[in-house]
Amino acid sequence: MPTCPNCGSWVDEGDSICSCGASVGGFSSGTENFENEIRELYRQAHVFRDKGNYYDAIKLYEEIIDEIDGRNLNDCGDAWFFRPKAEKELEEIRKRAKL
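Now for a quick tour of the structure. (Residues numbered from 1 in each chain as written. Predicted model: local features only at pLDDT ≥ 70, side-chain atom pairs only at ≥ 80, totals over all residues. Heavy atoms only, no water.)

## Observations regarding the packing of helix α2 (residues 54-69) against helix α3 (residues 82-97)
Next up, step 1: Orientation of α2 relative to α3, taken along the N-to-C sense of each, is 150°, at an axis distance of 9 Å. Relative to α3, α2 is oriented roughly antiparallel. Of the two elements, α2 crosses α3, and the hand of that crossing is left-handed. Along its contact with α2, which presents Tyr54, Ala57, Ile58, Tyr61, Glu62, Ile64, Ile65, Ile68 and Asp69, the element α3 presents Phe82, Arg83, Ala86, Glu87, Glu89, Leu90, Ile93, Arg94, Arg96 and Ala97.
Next up, step 2: Of the residues assigned to the contact of α2 with α3, the class counts are 12 nonpolar, no polar and seven charged. (Axes fitted to C-alpha atoms, helices over the stretch in contact; angles between N-to-C directions. Helix = DSSP H or I, 4+ residues; strand = E, 2+ residues; numbered from the N terminus. Parallel < 35°, antiparallel > 145°, perpendicular 65-115°, else oblique. Left-handed = near helix turned anticlockwise from the far one by under 90°. Contact = heavy atoms within 4.5 Å. Nonpolar A, V, L, I, M, F, W, Y, C, P; charged D, E, K, R; others polar.)

Put into structure tokens, the structure is as follows:
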């Protein structure tokens, strides 16, 4: 179920307008691919983190944040959910690694 880029509310599948009035476009395959890419980067970052490879984990969490920040929120799909998670992980890893 997509979320509104304006207010963050859940929007029923197939609806093109949120209750707040914002337009909610359907997800394109490009957005789906972006979501999958971000999900895979996040998974890889977790593997690095769990193995103690903080340097590579930090690079991937930073890449996730940069990739999401470089896109229009409407083009992120559900990938934008990973941004605050990546920020939190990045902060914790930097503390562990004392960087």
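## Overview of the nonpolar core
Next up, step 1: With 18 residues, the main nonpolar core has Phe34, Ile38, Tyr61, Ile64, Ile68 and Phe82 as its most contacted residues.
Next up, step 2: Of all the secondary structure elements, the ones that give two or more residues to this core are α1 (29-50), α2 and α3.
Next up, step 3: Take this core: its biggest share by element is seven residues, from α2.
Next up, step 4: In contact with Ile64, not counting residues within four places along its chain, are Ile38, Leu41, Tyr42, Phe82 and Ala86. (Core = buried A, V, L, I, M, F, W, Y, C linked by side-chain atoms within 4.5 Å. Buried < 20%, exposed > 50% of the residue type's maximum accessible area, 1.4 Å probe, protein only.)

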